[in-house]
Each structure stands twice: as structure tokens, then as C-alpha cells.
Amino acid sequence: MPGRTAGKRNRVRIVGAVAVAASASLALAACGSTKDTAGSTGEGGGSGKVGVVLPLLTSPFWQSYNDYVPKMAKSEGVDALKTVNSNSDPSQQITDINNELNQGVKGLVVAPLDSAAIEAGLDQAERKGVPVVAVDVAPDKGKVAMVVRANNVSYGEKACQYLGEHITSGKVVQIMGDLASVNGRDRSEAFRACVKKNFPKLKVLEIPAKWESDTAASQLSTLLNANPDLKGIYMQAGGVYLAPTLQTLKSKGMLKKAGTAGHIAIVSNDGIPQEFDAIRKGEIDATVSQPADLYARYGMYYIKAAMEGKTFKPGPTDHDSTIVELSNGILEDQLPAPLVTKDNVDDPKLWGNTVK
């Protein structure tokens, strides 16, 4: 996410993934959640307060994550402080991290707004010997014990495959996230590359919306004026783009139900209840469900493990995910993020069907 002042615009991190149900309570005594991948146990005590820093609370996705945090902290035996909201401001997020450190926290769970800017906060934590787990967004640099995230390249590829299989030719637009975030970059590049490789008859248009709802609405309106023959839309963050996209289409008389003439195929990311309702109504066709519940659960799991001095290495886990080593040497637990369509939208295992 970008470095803009808090409150100016509605923005989301996305994200984007959602999920299968997590395995029952995890036992830290087993030294990790991985199959033959957990590292050795150090001398850390694993006790002490944990600070939890949110990127924003203007998205239903992050509101749900925020609700899950205390529940998952209790489940994992973590003494988490009340969450702190950085209000879409990367500079404020660094201040928030410093404030948490000054309160004497022994661990931090942070959802970075900006993959590069977060390094300053990570460096502060490292100087104080406080481990950090990053959720949803991987930092470009800096030390973290683990990144808890879904495979965002897969998000773009799944959206591409769905649209490519349902649209034979014509124009499609991707409403992109902030390219200052690795999530925005991964989704955008993957979608673009997949279309070029697999569906050459599709023409990709792009809206750099920076996780901002008003930017998405205004640029989509302009784009539709020039391209009334648009066939498909990929929204990289349903939590922030769904409402303005549907409203813009409706205002132009272009919101047609799936299966009817003139319907514009729409694929989203997030897996929030509002997207599921839109799928049921035929307003959009699919979404990639980000696991807000698992982000909270494994954020707490890994920070407790890090505070105990435990380490991990790449390989499959016991919760249907894979730990990978990123190009910068950071480890990332890539959690499952299923594609949701009308065929599985009512699956009770999806977290979006468990919240109101």
C-alpha cells in the first residue's frame, strides 16, 4: 500500500484468499506447524505481550481480521494487546511499531502497508530483539520470523484463467492495487502475463487504483465511456473495489446479471460476505478467497514460536500450505486461497460464510 495520509481515501490491502478450515488447535510443544520442516528450539521463553498492527479498518476484510485476532490469540495462548490501526498511512505505521516497542512488547504481528517503507519499523524491532511476523504483505527488506500470506501470483492467475475461459475475445480491465506493495505487483504482473500467454485474443486494460475506492470508481467510469464494449473486470480487492465497481456499472446501465446478454464477467479478490452475496445475485462471477481467519491464527502461532526461539525452513506444512523462501531470503507460509464461484459459494468452510 502507498504512503498517503490517513483518512483521505478508502484503501485495502489485499489482498486478497480464504479458506479451508484451519486444523484444530496447534500444539507449539510439537515445535512447529510443519511436517519435517520445523527448526530447532532456542532459549526464548515465549511469554510477554504481543503488539498487533493493522493497515486499516475501512475494508470488510480487515474488519474481519481484526475481529479474529483476539479469538486466535486466545486459542494460541498469546497475550495480545489491543490492535492498533495505522489508517492507510505507512509513516504512521512506523510510529505505531515504535510505540508498541516502547510499551515493552516481546513480539509484533504487523500487516505492512508498504513493502519497502516497513523496513524502518522492522529495523527498530530487530535492534530491540523483538521478533516480527508479517501478515498479508511481504517486506522487500528487513528481518521477520515469517510472512503469513497467500500466494498472490496465484490470485492473478486464477482471475485470468476464469475470465479467459468465459470470454473468447475482447477487452478486459484489471483494477489494480498499489504497485508499492508486493501484493499489487504480484497480482498485476501475474494477470498480465497469464493473459498474454494463454488468451492472446483478450486485450488487457489497466486502472492503477492504489487500493482507493474513489480512484477505482472515477477511472472505471472514464474507461467505460471510451470502451463500452468491455467484456471483463478483474478487481484486485473486493473489500475496496466491489461497491464502487457495481455502482459505476449500474449508473451506466451496464450491470447485467450473469447468464444474460451484456453481462460483464467480474472476478474479485478477498472472499468477504459482500462478494459472496454479489455472486449469488449474479452481479459478479467469482472471487479468490483470502483467509482472514488463517491470517490471524497463524500470525499468532508463528509469533509465539518466534518468541520461543523456534525457527522454520521451507517445505509442506500440516495445514495445507507450503513454506517457501522468497528471493530476499525471507520465509513465507503460503496459505490456501480457493476460487469461489456460484458452485461453491455456500461452502460453510469459507470464512466469508461464518461472519455477518
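Here, every reference points to the structure presented above.
A few points on the structure. Note that the structure is predicted; figures quoted are calculated from it, not measured.

### Some remarks on the overall build of the chain
Tallying secondary structure elements over the chain gives 9 helices and 15 strands in all. Out of the 356 residues in the chain, the part that is buried amounts to 58%. As displayed, the chain offers around 14000 Å² of accessible surface, 49% of which is attributable to carbon and sulfur atoms.

### Some remarks on the pairing of strand β11 (residues 286-289)
Of the two faces of β11, the one carrying Ala286 and Val288 and the one carrying Thr287 and Ser289 are both buried. In this structure, strand β10 (residues 265-270) lies alongside β11, joined through 4 bridges in parallel fashion. Note that in β11 the partner of Ser268 across the bridge is Thr287. For the crossover that starts at β10, traverses helix α8 (residues 273-281) and ends in the parallel β11, the hand is right-handed. Pairing between β11 and strand β15 (residues 339-340): 2 bridges, direction antiparallel. In the strand pairing of β15, Thr287 is matched with Val340.

### Comments concerning the state of the cysteines
Counted by the stated rule, this structure contains 1 disulfide. The disulfide bridge from Cys160 ends at Cys194, spanning 2.1 Å between sulfur atoms. Looking along the S-S bond of the Cys160-Cys194 disulfide, the torsion reads about -75 degrees, which is the left-handed sense. With Cys160 in helix α4 (residues 152-166) and Cys194 in helix α5 (residues 182-198), the pair connects residues that are 34 residues apart, well separated along the chain. The same class applies to Cys160 and to Cys194, which are both buried.

### Here's the deal with the side chain of Thr287
Inspection of the secondary structure assignment puts Thr287 in strand β11. We classify Thr287 as buried; its relative accessible area is 0%. At 3.5 Å, the side chain of Thr287 and the backbone nitrogen of Asn269 are in polar contact. When sequence neighbours within four positions are dropped, the list of residues in contact with Thr287 reads Ser268, Asn269, Asp270, Gly271, Glu275, Phe276, Ile279, Pro338, Leu339 and Val340.

### A closer look at the nonpolar core
Counting 55 residues, the largest nonpolar core has Tyr65, Val148, Tyr295 and Tyr302 as its most contacted members. Considering each element in turn, this core owes the most residues, 11 residues, to helix α9 (residues 292-307). With near-sequence residues (within four places) excluded, Tyr65 lies in contact with Val52, Leu54, Val109, Val135, Ala292, Tyr295 and Ala296. In this structure, Ile233, Ala278, Ile284 and Val340 belong to the second largest nonpolar core, which totals 29 residues.

The rules behind these values
- Residues numbered from 1 in each chain as written.
- Predicted model: local features only at pLDDT ≥ 70, side-chain atom pairs only at ≥ 80, totals over all residues.
- Heavy atoms only, no water.
- Helix = DSSP H or I, 4+ residues; strand = E, 2+ residues; numbered from the N terminus.
- Buried < 20%, exposed > 50% of the residue type's maximum accessible area, 1.4 Å probe, protein only.
- Areas by Shrake-Rupley, 256 points an atom, 1.4 Å probe, with all protein chains shown as cover.
- Pairing = 2+ DSSP bridges.
- Right-handed = clockwise from strand over helix to strand, strands pointing away.
- Disulfide = S-S within 2.5 Å.
- Polar contact = N/O pair within 3.5 Å; in protein donor to acceptor, adjacent residues only side chain to side chain.
- Contact = heavy atoms within 4.5 Å.
- Core = buried A, V, L, I, M, F, W, Y, C linked by side-chain atoms within 4.5 Å.

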